[in-house]
Amino acid sequence: MKIYNQLLNTIKEKGAAYLILLDPDKLPENKLTGFLKHCEKSGVDGFLVGGSLMVNGDFDSFIEKVKVNTNLPSIIFPGSITQISPFADAILFLSVVSGRNPEHLIGKHVLAAPSIKKSGIEPISTAYILIESGSTTTAIYMSGSLPIPRNKPEIAAATALASEYLGMKLIYLEAGSGADNSVPNEMVKAVSNQCSIPVIVGGGIRTPQTAREKVENGASIIVTGNYFEDENNWDLIKEFASAVHIKQSILV
């Protein structure tokens, strides 16, 4: 089964899917196996793998280790065209539609497409929409584009709808790694009401309750990342999964 269809099935069965972002630069390999096993037993539905920069380590080797230690889907969340690996299950083919930088709308994609085809992994076309979060995030800086103001849900909704009409399979509302504020619930709701394709929300989600609020406002996939780079927070992963899986659990 294709990973995209698997995500759709998870959303249908559980109400929403919960993915954790693995940054090869920030998760030590000596903790990787334990973290993956903990995520599996806690109810995580899959992993995004990637980062805005790859300073240390080998991307292929990291994803290969992920695949060896878990049966959950491994989906590349590329920070650059160098982050393509045949060991992954799929890749989010991201276009930064919130900005007007042609390199991140289509330019880098032309360079990456032949490598993705050669790798044999599944590309999932994704409209990447950067949302103002209170600080300049790595994604904003690296993409060279302005985010959508957080008090302008109508702009986000129109951008997302245009992306769906262009054939995108997913909408990704991104506040950014370590964001001061998550994507506003009002904006999540506005985008979800306009679009018929799944909406991903990530960035600045630090509590299960915040994750639940995004789902209640229409998010289909929740992504958390750097919050779990701190091992002291690992015990909360199950609570996050339960909060996201709105059809299977009631948040206490």
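Here the structure is a predicted model, which means the values were calculated and not measured.

With five of six residues buried, strand 1 (residues 17–22) lies mostly within the body of the structure. When strand 1 meets strand 8 (residues 221–224), the two strands line up parallel, connected through four bridges. The partner of Leu19 across the bridge, within strand 8, is Val223. Bridge analysis of strand 1 against strand 2 (residues 46–49) gives four bridges, and the strand direction is parallel. Its bridge partner being in strand 2, Leu19 is matched across the sheet by Gly46.

Moving on: the side chain of His245. By the secondary structure assignment, His245 is in the segment after helix 9 (237–244). Classification of His245 as buried rests on a relative accessible area of 5%. A distance of 2.6 Å separates the side chain of His245 from the side chain of Asp45, its partner in a polar contact. Beyond its immediate sequence surroundings of up to four residues, His245 is in contact with Lys14, Ala16, Tyr18, Gly43 and Asp45.

Scoring rules and cut-offs
Residues numbered from 1 in each chain as written. Predicted model: local features only at pLDDT ≥ 70, side-chain atom pairs only at ≥ 80, totals over all residues. Heavy atoms only, no water. Buried < 20%, exposed > 50% of the residue type's maximum accessible area, 1.4 Å probe, protein only. Helix = DSSP H or I, 4+ residues; strand = E, 2+ residues; numbered from the N terminus. Pairing = 2+ DSSP bridges. Polar contact = N/O pair within 3.5 Å; in protein donor to acceptor, adjacent residues only side chain to side chain. Contact = heavy atoms within 4.5 Å.

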